[in-house]
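# A structural walkthrough
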Amino acid sequence: MVTVESPSRLLIGGRWHSAEKDATFDILEPATGEVMARAASASPADVDTAVEAARAAYESGSWSNMPASGRARVLYRIAELIRKEVDRLATLEARNAGKPIRDARDEVLGAAQCFEYYAGAATRIFGETIPVTSPGLDFTLREPVGVVALIVPWNFPLSIASWKVAPALAAGNTAILKPASYTPLTAIELGRIALEAGLPEGVLNVITGPGSITGNALAGHPDVDKIAFTGETLTGVSILQQAAPNITRVSLELGGKSPNIIFEDADLAKAAPAAVASVFGNAGQDCCARSRAFVQRSIAQEFDERVAAGTKALRVGDPLDEQTEMGPLISVKQRERVQGYIDVGNKEGARLIAGGSTPAGRPANGSFLEPTVFDNADNRMRIAQEEIFGPVLTIIAFKDEEEVVRLVNANQYGLSGSIWTRDIGRALRVAKGVRTGVLSINSSRSVHQEAPFGGYKRSGIGRELGMHALQLYTEVKNVFISLE
Ligand code: NDP
């Protein structure tokens, strides 16, 4: 079993507590199916204790009233400690989430950068003066929302936790972080690191346990002021329902079915490898995965051949091997779900041009699956419409600009997307027409620490990252001073 500081404890009020009745659950390693650690399973009573601790820390002003420069110093220190432990944290993340070690290392460094960014941002949260009609001076204050619940998924555990914890703390809130049950280990480590960095007790609490119990109790808690959630769209619906009676503020980063649009004048030497990398990164378990490729009919055959060859060349294997490009899926259940979609694609009449089954030579209990590509798909097929959240690419041919914008928008999601063309006018017309929150032209990058990230339609509410995220974690207070 791997050792983490206090893996089967909850971090509440600056101390490590067992869950009620010492309840725990097993954490598996996706590459082998073996138990690698145990985590505490927080009951609704434990959730109450965590919320009380966060409230007490908030009310004490130890953090919310600390000068912003003091908060910045603690956040910098957290970043520094993450950097110091990059190899250890990356190994933990690679084993627990099944992701290639090279990617895990980048993600851990990205988490450090996120804390550095919001350390800098902490001293740049300010209001406005407003020229009102009444005789007087009007200005706004940006204040912390209060106690925030941060509920995160298993695909990028430390990254997504950092995207939420860092801006929430920069703005002076206190927080309860609830990681996904598959991957709680780096969130627990983040709690320990925050304490070591000098974060006052109770400002960051980390509680583990099933979403249906722990997450649900947190989302419906009357003393939580704001919930920031990343996960499945249907879980987002449930969170909105839980939050509604308390009018708790909610921001949601949800599912996606992101399009990759390749026009006939695109540089295929770049677009084809990018199409492979942007859907099979993290074994396709990425809300921004370019899981729908729309290719202009005149180049479809060449594009499909290049993509199939690139897919077959991917090195699928042990997450801890530096050469591995794709690891296992998060669980056997997830692999079975994705395999179900491959069956659906075959039945719907799309053509399988790469992958489609479990790779040879991998541990029987591991949740490995071949990267899989379908072409000749129709936009109405389920494999073109639904978020598979696994290594499956669906290629759909299109005739012209007008048609591709219509096809792309005929989907419930609107998170991310890419456009490949050498014609800048066309790129910008399509970028304006497509309803997604994040787009890249001649690139498949979706995430920049400094820029807003989030979705249209059923992909979510609100924007994380950059200075935009601070809007999620602050209230605006308007103050008028009469000069009469
Ligand atoms: P889930 O929605 O199943 O879980 C996300 C988190 O919510 C977990 O911590 C989970 O706990 C918790 N949870 C589950 N049920 C409830 C509930 N009823 N009330 C409160 N909390 C609950 O998502 P996954 O972890 O399966 O993540 C995959 C999904 O995340 C995909 O749909 C993907 O597209 C989306 N995603 C979106 C991103 C974006 O930015 N738009 C980024 C990354 C992922 P537990 O693990 O214990 O079940």
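Residues numbered from 1 in each chain as written. Predicted model: local features only at pLDDT ≥ 70, side-chain atom pairs only at ≥ 80, totals over all residues. Heavy atoms only, no water.

### Looking at the domain arrangement of the protein
- What the domain assignment reports for the protein is domain 1 (10-254 + 459-479) and domain 2 (259-449).
- For domain 1 versus domain 2, the distance between C-alpha centres works out to 30 Å.
- Each partner contributes to the interface: domain 1 provides 33 residues, whereas domain 2 provides 31 residues.
- Three residues stand out in domain 1 for area buried against domain 2, namely Arg102, Trp154 and Ser459, and they jointly supply 21% of the buried area on that side.
- If you look at where domain 1 meets domain 2, you find one salt bridge.
- For Glu322, the salt bridge identified is with Arg105, shortest N-O distance 2.7 Å.
- Counting the contacts that link domain 1 with domain 2 gives 11 residue pairs in polar contact (both at pLDDT 80 or more).
- The set of elements that each furnish at least two residues to the side of domain 1 that touches domain 2 consists of helix 3 (86-97) and helix 4 (101-122).
- For the side of domain 1 that touches domain 2, the element with the highest residue contribution is helix 4, accounting for eight residues. (Domains from an automatic or database assignment. Contact = heavy atoms within 4.5 Å. Buried area = accessible area lost by both parts, 1.4 Å probe. Salt bridge = Lys/Arg side-chain N within 4 Å of Asp/Glu carboxyl O. Polar contact = N/O pair within 3.5 Å; in protein donor to acceptor, adjacent residues only side chain to side chain. Helix = DSSP H or I, 4+ residues; strand = E, 2+ residues; numbered from the N terminus.)

### Topic: the packing of helix 1 (residues 44-60) against helix 7 (residues 211-219)
- Axis separation between helix 1 and helix 7 bottoms out at 9 Å; the angle between their running directions is 40°. For the element pair helix 1 / helix 7, the angle class is oblique. Helix-helix and strand crossings are classified by hand; for helix 1 and helix 7 the assignment is right-handed. In this structure, helix 1 uses Pro44, Val47 and Val51 to contact helix 7, whose residues at the interface are Ile213, Thr214, Ala217 and Leu218.
- Among the residues forming the contact of helix 1 with helix 7, the class breakdown is six nonpolar, one polar and no charged. (Axes fitted to C-alpha atoms, helices over the stretch in contact; angles between N-to-C directions. Parallel < 35°, antiparallel > 145°, perpendicular 65-115°, else oblique. Left-handed = near helix turned anticlockwise from the far one by under 90°. Nonpolar A, V, L, I, M, F, W, Y, C, P; charged D, E, K, R; others polar.)

### A short note on the environment of Ile481
- Along the chain, Ile481 falls in strand 22 (residues 474-482).
- Owing to a relative accessible area of 37%, Ile481 belongs among the partly exposed residues under this scheme.
- Between the alpha carbons of Ile481 and Ser134 there is a distance of 9.8 Å; along the sequence they are 347 residues apart.
- Discounting residues that sit within four places of it in the chain, Ile481 has contacts with Pro135, Gly136, Leu137 and Phe139. (Buried < 20%, exposed > 50% of the residue type's maximum accessible area, 1.4 Å probe, protein only.)

### Observations regarding the side chain of Asn205
- Among the secondary structure elements, Asn205 is positioned in strand 9 (residues 204-206).
- There is a polar contact of 2.9 Å between the side chain of Asn205 and the backbone oxygen of Gly202.
- Residues in contact with Asn205, not counting those within four places in the same chain, are Leu11, Ile12, Gly13, Ala50, Ala53, Ala54, Ala175, Ile176 and Leu177.

### Focus: the site of the ligand
- Contacts to the ligand come from 30 residues, most closely from Ser181, Thr235, Leu254, Cys287 and Glu387.
- Contacts to the ligand include Ser181, whose side-chain N or O atom sits 2.5 Å from an oxygen atom.
- Between an oxygen atom of the ligand and a side-chain N or O atom of Thr235, the distance comes to 2.7 Å.
- For the ligand, whose free accessible area comes to 900 Å², the fraction covered by protein is 89%.
- Among the elements of the structure, helix 7, strand 10 (226-230) and helix 8 (233-243) are those that each provide at least two residues to the shell around the ligand. (Near = heavy atom within 4 Å. Areas by Shrake-Rupley, 256 points an atom, 1.4 Å probe, with all protein chains shown as cover.)

### Some points on the sheet that holds strand 19 (residues 440-441)
- One open sheet accounts for seven strands, arranged 14-15-16-13-12-18-19; its pairing is mixed. Edge strands, defined here as strands with exactly one partner in the open sheet, are strand 14 (351-354) and strand 19.
- Judged from the three bridges that link them, strand 15 (residues 372-375) and strand 16 (residues 392-398) form a sheet pairing that is parallel. Bridge pairing links Phe374 to Thr394 in strand 16.
- Where helix 10 (residues 300-312) meets the sheet, it contacts strand 12 (259-262), strand 13 (292-296), strand 14, strand 15 and strand 16, and its direction lies at approximately 50° from that of strand 14.
- Contacting strand 12, strand 13 and strand 16, helix 13 (residues 401-409) runs over the sheet at an angle of about 170° to strand 13. (Pairing = 2+ DSSP bridges.)

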